[in-house]
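# Report on the structure
The chain contents come next:
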Amino acid sequence: MDWENKFDETILDRGYDYFQRGLVSNIKKSGNIIKADVSGSSIYRVSMKIKDGQPISASCDCPYASGNRLCKHMAAVYFAVNDEKVATESESDNQNVENIVEEVSDKDIREFVIETLKLDSTLFNLFKIRYSKMSKDEFASLKSNINNIFNAYKDRYGYIDYYNAGGFENDLEIFINETVQSLVDSGQLEIAYKLINYIAVKISKLNIDDSDGEIIELMECCDDIWTQIISLTADMKLKRKMFKWFQTKIDKLEPFDDTIDNILFSEFNEQEFLEKKLTWTKQRFVELKDNHDSYTDEYRAKSMALHYVDMLKKLNYPTDMIRDFLFENSDDWDIRRSYVTYCIEHEDYSEAIRSLIEGKRLFSDLSGIVNQFSIQLKDLYKKIGYDEDYRNELWELLTKTSSPDIKLYRELKSVFTDKKWPSVREKLLADMPKGSDLQEIYLEDKLLDKLLESVLSERGLYGVQRYGSTLRPLYSAKLLQKYVQVASDMATDSGTRQHYRKIVKVLKEMLNYPGGNAAAEKLIEKWREEYKMRPAMMDELNKF
């Protein structure tokens, strides 16, 4: 299908693997929009727009897709949506294979396998991995294959540049998906574990330009193998070995820190591991808190504190112990937020309010943190019916920033009657900092004259372009004049061909307004005389 062709082949294969393993869940359809969750190193949310049975756009909140790339999670959802058709075709193909094999004698099948494996060394190696016990020499050979992949793409300084990064990622991912995955499928879990660890350590030491997200993809491959091994193994000795390895590597294997953290605390849920994590997280928290000399250490200390609280809960420790720990360490804003959440869950609202108010004071130099505390406080006031405090907190949230949140504005507006709101709004706008961006508010309340005044006062065309469809029916002449002014200002500066293309783009936008074509032609006629010594500009104007 056309949409499949837009994917990198490896990404598409990984997506199909995720679909086959049942990692797509919570599929919801609303009109032509499909949303679903895909389990990877985290649970990622995919949204897909469908037209005529085919996706026309998709988004995912995974790191790889943040660079406007099609990811394996999108591919997995695509296959899941077409599950019925895929299943029918797959069942048909599988049935054909089974029927043909059923008709062939064991002797002929054996001869065919032998001849095929002699002709295809890759298939032979996969067959050997799956059905025979691996020797030390064979394991060393696999490590050598890994080394060869790394070395093939490095320059003489050990660096993998942008142009070689994609090929490197593709070859290493194929090795993981075929060779290491075959070891997992055949139950040779410890060997698979050693190999994937070897790969992860080499990746952590690699100097590479991974601008297209190659390392993120490889990290997810490693995470996938690790998670499979943990879930499949019944060997507690191997599991203890893995747990210990992850413990020792959590702060020493960049860029895998978050991946390893997630594995340690989402897996290993047996009683003995929970108890080990409880002791270890408390110890690490104390060490990092007492000795941290960087933001990273501070972040890790906070993370360990919250994991420690999670372990206390899972092991059913007394709630007072959890409360005391959170309170004693509420000098960290994130731990304070957890303490407030704990108080709210246990209906100690007065203590939650006290802690939030204190937090706003203690962290007054961190506007983002104060804003979070204020939102939490506003929601709490609303929950317990402190109406005046609720309105006051909303007012503060809107008047302490030059970029007011339109959702908070609507929330405050809903508290007042339509009759009373205009006078309240007047006071609110007067309380906002000078120079605040009020355009969304003007649009919300249809104060179009104020919206026009605001967009015309801007230096460029951002506001005109954003609100043009709303303002054009009433103020087309004034908006067109703004275009003429901006285009004229742009033309005074000589520049690259790209600069002149931007000027032509402005001229083309003018065509959406009555009289726009005439105004654009007038400007061009003037420029042909005024700037005739700019050949690149003249060339671009000819394309108008």
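Data block above holds the structure.
Before going into details, it helps to say that this report is about the structure given with it. (Residues numbered from 1 in each chain as written. Predicted model: local features only at pLDDT ≥ 70, side-chain atom pairs only at ≥ 80, totals over all residues. Heavy atoms only, no water.)

### Observations regarding helix α26 (residues 516-530)
Quick reminder of the rule: Comment: elements are numbered from the N terminus, with helices defined as DSSP H or I runs of at least four residues and strands as E runs of at least two. What a helix should span is 1.5 Å times the count of its residues minus one. Exposure classes here rest on a 1.4 Å probe applied to the protein chains alone. A residue is buried below 20% of its type maximum, exposed above 50%, and partly exposed in between. As used here, the arc belongs to the directions running from the helix axis to the C-beta atoms. When checking whether two residues touch, look at their non-hydrogen atoms; a contact exists if any pair is within 4.5 Å.
If you check α26, its first and last C-alpha atoms are 21 Å apart, about what 15 residues at 1.5 Å a residue would give, namely 21 Å. For α26, the set of buried residues is G516, A519, A520, L523, I524 and W527. The buried residues of α26 occupy one face: seen down the axis, they fall within an arc of 135 degrees. Exposed residues lying more than 90 degrees from the buried face of α26 are A518, K522, E525 and E529. Residues of α26 that are buried make contact with α24 (462-491), α25 (497-510) and α27 (535-541).

### Focus on the environment of N262
The residue N262 is located in helix α12 (residues 257-266) in this model. The exposure class of N262 is partly exposed, given its relative accessible area of 29%. As a C-alpha pair, N262 and E358 span 96 residues in sequence and 32 Å in three-dimensional space.

### Some details on the side chain of K302
Tracing the sequence through the fold places K302 in helix α14 (residues 295-314). If sequence neighbours within four positions are ignored, K302 has contacts with D332, W333, D334 and I335.

### What about unusual backbone geometry?
Note that the residue after E254, namely P255, is joined by a cis bond; omega there is 5 degrees. Tracing the sequence through the fold places P255 in the loop between α11 (236-249) and α12. One non-glycine residue, K446, adopts positive backbone phi at about 55 degrees. The topology assignment puts K446 in the loop between α22 (439-444) and α23 (448-457).

### What about the environment of T116?
Counting through the fold element by element, T116 comes out in helix α5 (residues 106-119). Residues T116 and S25 lie 91 residues apart in sequence; the distance between their C-alpha atoms is 39 Å.

### Focus: the nonpolar core
Note the cut-off: Within this scheme, the nonpolar core is defined by two criteria: the residues are buried Ala, Val, Leu, Ile, Met, Phe, Trp, Tyr or Cys, and they are joined through side-chain atoms within 4.5 Å.
Counting residues in each nonpolar core, the largest one holds 129 residues, and the members touching the most others are F168, I199, W226, F246 and W527. Looking at this core element by element, the count peaks at 12 residues for α24. Counting residues in hydrophobic clusters, the runner-up holds 27 residues, among them V24, Y44, M74 and V77.

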